[in-house]
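Now for the letters of each chain:
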Amino acid sequence: MSNENRVIVVGAGPAGSSTAMGALRAGAAVTIIDRKTNVGIPVQCGEAIGKTGPGLAEINVPDESIRASVRGFRVYSPGQITVDYAEKEPSGYIVDRRVFDKELFARATEAGADSLLGARVLDITRSNGVVTGVIVRHDGRRNTLKAKVVIGADGVNSQIARLTGLRKSYKPADIDSCFAYEMANSELEVTDLMEFLLGNEVSPRGYIWIFPKGNGRANVGIGIGGTVKTKTAKEYLDHFLKHHDVAKRQLSQAKVIETRVGALPVCGPNKKNVVDGALLVGDSAGHVHPITGGGMGYAMVCGNIAGRVAAECIMKEQVSAKHLQKYEDEWRKIYGSEFEQSLKLRELILKTDDATLDKLAGIVTGESIVRMTAGKKVKIFMKAMATGDKHLIALMNELRKLRMV
Amino acid sequence: MPPTTTTKKSTKKLADIDGELCGVCQACATVCPVNAIEVTESYLIVIPEKCTGCGVCVTVCPVGAITLIER
Ligand SMILES: Cc1cc2nc3c(=O)[nH]c(=O)nc-3n(C[C@H](O)[C@H](O)[C@H](O)COP(=O)(O)OP(=O)(O)OC[C@H]3O[C@@H](n4cnc5c(N)ncnc54)[C@H](O)[C@@H]3O)c2cc1C
Ligand code: SF4
Ligand code: SF4
């Protein structure tokens, strides 16, 4: 395997495979390395991906992975007041990640990527401070693989992020601890909306999700703040399934067909994702929506950019951080403000008590909030003011600062 | 039992992962301040020489698979 114009991509998840595609299209040679021997397994995801957001029109969700289409979401406030956000046409999919990841990986391989599975990256090599390759453990042996650019697409627990110094360990407050079931025989009231349940009782510092997966299947999961000590994520979810009205109505006959665990970074992107000879994409870059926990779309769109920029830099024989910076600039142009806004909104939701969330839901419920025209924003704002509730008014003023009402 | 003043009780603890409960989500490893948890294809290894027994990993585990044990 020659290292001439080669990119090493560590991780064969959606970020890694999309990065590989981007680099191949721009003319680089690619090797994808993964510690797993079966890509996409175990599934650690709610499997929802948008199709209409920024950048998403350019990505290819493999048809064979699509299980259901959704038009938006329904949020249950802590006191179970519902707010629907439903578009006329499908705006996203629930996919099967097992098929999704495998298909993206297969496509990258078919497009020319080499792969090394069952190979765990232990370290990186450097020359004059520039990253020049990785050291892997494969078949019981340590091997060094050289590349012009090393790309860390190795997920939430990225070793490339740690080894390059781009990120240290997360603080518990920066991640959500997740537990989920895939269930059969569900009786969902809406099969084209994703459902989210908020509230300190059901899921402190996080939410419960119920996603329709077609044919009575549903993904039911929970993310709680990493600092929550009262119960584990699994205990919260099991309690919900047994005792909560929403679960009793829709999931009393449902049976578990798969169990999932996971960790979600919810503190936004790393400050920096490039060093000389290396960069980060996907979860390893912190590219996860701080409120919804979605990361697949960012992984694919930003991965594609990362691969292309890495290849372009290699062709120009300029792989320093200064040149790889083009990747940072490009993804920030698409998603920079989205991350900033949602981080602020996350902080706001976290500090709002359940009673105030209920009052807000009471005002918004029944409104069609898909297209928030200026007039509609004013109407909702005025309704809130009319309540005279000082917590709600404070919340509305904060939301106004974020231009949400 | 009266406290003994002569024996110095070791407060050194070590994270212990129940492999049957663990689903390899890596939540623990992402928050470990000293990178003491290594993830292989299908299981985790706590490196005793690195682990300081701080317990940060215990809280984030979604299934409660980690306990601190005496060394
Ligand atoms: C419970 C849960 C629910 C979620 N729900 C959704 C959702 O509904 N929609 C959505 O869009 N996102 C969701 N996400 C987030 C989404 O799963 C991630 O953002 C996405 O998987 C990120 O892709 P990635 O390629 O960056 O990382 P990953 O998919 O994690 O892939 C990383 C790869 O790197 C490999 N690797 C790691 N370390 C090494 C190493 N040292 N050497 C070699 N290989 C290594 C791993 O084996 C893995 O294959 C959810 C996450 C969780 C935890
Ligand atoms: S106890 Fe602390 S040092 Fe030991 S594995 Fe857990 S987080 Fe790491
Ligand atoms: S947090 Fe718990 S389930 Fe996840 S990898 Fe660590 S021990 Fe396993």
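Please refer to the structure placed before this passage.
Everything in this summary refers to the structure shown in the same document. Quantities reported herein were computed from a predicted structural model and do not represent experimental measurements.

Looking at the interface of chain A and chain B
With 28 residues of chain A at the interface, the matching set in chain B holds 22 residues. Summed over both partners, the interface of chain A with chain B comes to about 2,000 Å²; 50% of that surface belongs to carbon and sulfur atoms. For the pair chain A and chain B, the number of links is one salt bridge. Taking the shortest distance from any N to any O, the salt bridge between B:Glu38 and A:Arg120 comes out at 3.0 Å. In this assembly, chain A and chain B are joined by 13 residue pairs in polar contact (both at pLDDT 80 or more). Of all the secondary-structure elements, those providing two or more residues to the side of chain A that touches chain B are α3 (159-164), β13 (175-184), α4 (233-243) and β17 (255-265) of chain A.

Observations regarding unusual backbone geometry
Residue and element names in this part refer to chain A. The omega angle of the peptide bond from Ile-41 to Pro-42 is -5°, so this bond is cis rather than trans. Despite not being glycine, Glu-47 has its phi angle at roughly 70°, a positive value. Looking at where Glu-47 falls in the secondary structure, it is placed in the loop between β2 (29-34) and β3 (48-50). For Glu-47, a relative accessible area of 0% gives the class buried. A positive phi is found at Asn-185, a non-glycine position, where the angle reads about 65°.

What to know about the pattern of salt bridges
All names here are of chain A. Here the structure, examined in full by the defined rule, presents 28 salt bridges over all chains. Between Glu-182 and Lys-213 there is a salt bridge, with the nearest N and O atoms lying 3.1 Å from each other. In this pair, Glu-182 sits in strand β13 while Lys-213 sits in the loop between β15 (207-212) and β16 (218-225), placing the two residues 31 residues apart along the sequence. Assessed through its relative accessible area of 4%, Lys-213 is described here as buried.

Digging into the site of ligand 3
Within the structure, ligand 3 sits among 13 residues, and B:Cys22, B:Cys25, B:Gln26, B:Cys28 and B:Cys61 are positioned closest to it. In terms of residue class, the shell around ligand 3 is made up of 11 nonpolar, two polar and no charged.

Focus on the nonpolar core
Counting residues in hydrophobic clusters, the biggest one holds 71 residues, and the most contacted among them are A:Val7, A:Val30, A:Ile33, A:Ile49, A:Val134 and A:Tyr327. A per-element tally of this core places helix α6 (residues 296-315) of chain A first, with 13 residues. Once residues lying within four places of it in the same chain are set aside, the contact partners of A:Ile33 are A:Ile8, A:Val9, A:Val10, A:Gly11, A:Ala12, A:Leu116, A:Ala119, A:Val121, A:Val134, A:Val136 and A:Leu145. Listed in part, the 49 residues of the second largest apolar core include A:Ile175, A:Val202, A:Phe240 and B:Val31.

A look at the side chain of A:Ser203
When you line up the elements, A:Ser203 lands in the loop between β14 (193-197) and β15. Among residues more than four places away in sequence, those in contact with A:Ser203 are A:Leu197, A:Ile208, A:Ile222, A:Gly223 and A:Ile224.

Some thoughts on the pairing of strand β1 (residues 6-10) of chain A
All names here are of chain A. Here β1 lies mainly inside the structure; five of its five residues are buried. Going residue by residue along β1, you find Arg-6, Ile-8 and Val-10 tucked away on one face and Val-7 and Val-9 tucked away on the opposite face as well. Relative to β2, β1 runs parallel, the two being bridged by five bridges. From the neighbouring strand, Val-10 faces β2, where its bridge partner is Ile-33. After leaving β1, the chain enters helix α1 (residues 14-25) and then returns to the sheet as β2, a path that is right-handed. In this sheet, strand β12 (residues 149-152) lies alongside β1 in parallel orientation, the contact comprising four bridges. Looking at the pairing, Val-10 lines up with Gly-152 of β12.

Criteria and thresholds
Residues numbered from 1 in each chain as written. Chains lettered and ligands numbered in written order. Predicted model: local features only at pLDDT ≥ 70, side-chain atom pairs only at ≥ 80, totals over all residues. Heavy atoms only, no water. Contact = heavy atoms within 4.5 Å. Buried area = accessible area lost by both parts, 1.4 Å probe. Salt bridge = Lys/Arg side-chain N within 4 Å of Asp/Glu carboxyl O. Polar contact = N/O pair within 3.5 Å; in protein donor to acceptor, adjacent residues only side chain to side chain. Helix = DSSP H or I, 4+ residues; strand = E, 2+ residues; numbered from the N terminus. Buried < 20%, exposed > 50% of the residue type's maximum accessible area, 1.4 Å probe, protein only. Near = heavy atom within 4 Å. Nonpolar A, V, L, I, M, F, W, Y, C, P; charged D, E, K, R; others polar. Core = buried A, V, L, I, M, F, W, Y, C linked by side-chain atoms within 4.5 Å. Pairing = 2+ DSSP bridges. Right-handed = clockwise from strand over helix to strand, strands pointing away.

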